[in-house]
Amino acid sequence: MSAPPSPPPRAWPFEEAAKLAARLAAAGRAEALFETGYGPSGLPHIGTFGEVARTSWVRHAFTRLTGLPSRLIAFSDDMDGLRKVPDNVPNRERLVPFLGRPLTRIPDPFGTHESFGAHNNARLRGFLDQFGFDYEFASATDFYTSGRFDAALRRVLDCYDEVMAVILPTLGPERRATYAPILPIHPETGVVMQVPMIARDPAAGTVTWADPETGRRFETPVTGGAAKLQWKADWAMRWFALGVDYEMSGKDLIDSVRLSGRICRILGGSPPEGFTYELFLDEHGQKISKSRGNGLSVEEWLRYAPPESLAHFMYHQPQRAKRLYFDAIPRAVDDWLANATKLPGQAEAEQLVNPAWHIGAGRLPNQGGSPVSFAMLLNLAAVANAETPDILWGFLRRYAPGASPETMPLLDRLVGHAIAYYRDFVRPTKHYRQPDATERAALADLAETLRSLDPGADAETLQNLVFAVGKRHAFPELRAWFACLYQVLLGQAEGPRFGGFIALYGIAETIALIEAALARPDAS
C-alpha cells in the first residue's frame, strides 16, 4: 500500500496549489491555466499588481508541489463600454463624446496610443513586466473580433433562457425589464447597447433588438466582435471557452463569482478554483478605486521602497483588509528584510513557509543584505538631515566596516529610498518638544554616562546603558523615558531601539544631539 500524500506546507499559496492539484487529478489533466482579470477603464491599479503577484505565488507553489506545467493569462476587459470619464486622466473632455463605446474604440486622452484601451493595456503590461511576472497578455477585443470566442458565444445563445433564469432574480425590477446577457454593438454609433432582445436565432447566431432612441430594429451576430456579453456572463463564458482552472477575486465579487460559476456550469464547463482576498483601503479607510485614483500607485511605492517590500505587503494576510498608504511602507520593508535575512540559513521546510521564498520564486536573496533596518535608516536620515547618500554612507561605513554600495547593493537602494521617504514624509511632520525637569536630568545623565564609554561600544551595551539611565530617574515607567528620547531628540512619536541607533549614529554625535536638545530655546 502506498503512503498517503504529504500535506502541503502551511503557507497559503501551497494550500491553494493543493486545491488546484486535486482538481487536475480528478479531471485527468496535466496542465493548469491561471487567469487574472483587468478592467482598463482607469489607469493600472496597485490592486491589479497584487492579484497577479498572489496568483503567481500560487502558480509557483503548484509547480513545486506537482511538477506540472501551467500558464497564466492576464486578461483585459478592454471591449467594455466606457461608463464615465475617469477623474485621473488628462483631456477629460475629449472622452465625453465617446461614452458607451468600447475602450479600444475611444481616442487615447494621453495621445500616445491608438486608443484609450490600448494605452491602459500598455501601462498594465509595463508595470507587470518590471516585476518579471511570467504571463500571457490577452485582450477581450482581440478574442472577440478574431472569433476565438465564437463557439462559446453561440453556446450562450443556445442556453439563453437558462442564463437569464440565473441572473434575473439578482436584479431589481427596472433593470430586470431591460436586461440581456448579450450586448450588441450599435453598427452606426459604436455604442455597447444595453437593451432587451426582441428575438433570438440560435441557428443563425443572431439577436434582434431595437434602438431605444429611434425605434429602429437591428439583427446582430453574436460572433465576430459584433456583440459582447454582460460582465458576469462574460466571466463565465471566458472560464468555459478557455478552460480556466484558477482565478482569484476580491471580497466585493463573492456573489458574482457564485453567479458566474452557475452560468459556467450551464454552458457545460467547470468553474475555476478560486481565492477571495480582502480589499485595500486608502488613508481614510475607503476602498481604493481605479477611476478615483485614491491610494498608492505602484510607481509611488517604488519611489520609497524596493519592489520586494510591496510584494511582502501583498503576501501578508491576504484575507484581511489593509490600509494601503505611505505610512505602511517602512514596516513592509523591514518585514521583508527580516524574512529575506532568515531565508538562506533555514531548512527547506522552513523556507517553504517563508514569504521571501515565495516572493523570490524560490530564489535566495543575493544582494549583500543590510546590517540595519529601514526604520533605522529613516531615523539616521532624520537626525543627520541627509540630503544625499554620501551622508548616510559615512555613518554606515563606520558602523559596518567593509560596507559599500558595491558590496551591499540592497543597502545602497535602501539608502536612496530612506532619503526620499525622509524628505517627503518625515521632515515635514517633525516636531521637537521641550523636556520637563525629570527628562532634562535624565538626558544630561545619559550624555555624561556616554562620555565614559569606549567609542566602539556595541549596540547591546548601549541599550543596557540607556535602560540603566532611565531606571535612575523618576519616570512612571520606562516607556515614558523612551518616549522622551524619541520626542525630544528625534522629533517623532516613535523610534528605533535606541542602543542600536547610538551605535549607528555614533556616541560623540549622540552626546552632541542631547546637548543641542537641552540648549534648544523653548518655542512656546
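Up top is the structure.
Residues numbered from 1 in each chain as written. Predicted model: local features only at pLDDT ≥ 70, side-chain atom pairs only at ≥ 80, totals over all residues. Heavy atoms only, no water.

A. Looking closely at the overall build of the protein. A tally of regular secondary structure across the protein gives 22 helices and twelve strands. For the protein, the spread of C-alpha atoms along the three principal axes comes to 95 × 70 × 45 Å. With 524 residues in all, the protein has 51% of them scored as buried. A separation threshold of at least 6 residues defines the contact pool for the protein, and within that pool the share at least 24 residues apart is 68%. For the protein, the accessible area works out to roughly 23,600 Å², and carbon and sulfur atoms hold 51% of it. (Helix = DSSP H or I, 4+ residues; strand = E, 2+ residues; numbered from the N terminus. Buried < 20%, exposed > 50% of the residue type's maximum accessible area, 1.4 Å probe, protein only. Contact = heavy atoms within 4.5 Å. Areas by Shrake-Rupley, 256 points an atom, 1.4 Å probe, with all protein chains shown as cover.)

B. Geometry of the sheet that holds strand β6 (residues 206–210). The three strands lie next to each other as β5-β6-β7, forming an open sheet whose pairing is antiparallel. With partners counted over all chains shown, the strands left at the sheet margins are β5 (199–201) and β7 (217–221), one partner each. Neighbour-to-neighbour, the strand axes of this sheet turn through a mean angle of 20 degrees, independent of strand direction. (Pairing = 2+ DSSP bridges. Axes fitted to C-alpha atoms, helices over the stretch in contact; angles between N-to-C directions.)

C. Here's a closer look at the nonpolar core. If you look at the biggest cluster of nonpolar residues, it comprises 111 residues, and the most contacted ones within it are Trp-481 and Phe-498. Ranked by the residues each element gives to this core, the list is headed by helix α17 (residues 409–426), at ten residues. Apart from residues lying up to four places away in sequence, Phe-498 is in contact with Gln-463, Val-466, Phe-482, Leu-485, Tyr-486, Leu-489 and Leu-490. Listed in part, the 46 residues of the second largest apolar core include Cys-159, Val-163, Val-222 and Trp-239. (Core = buried A, V, L, I, M, F, W, Y, C linked by side-chain atoms within 4.5 Å.)

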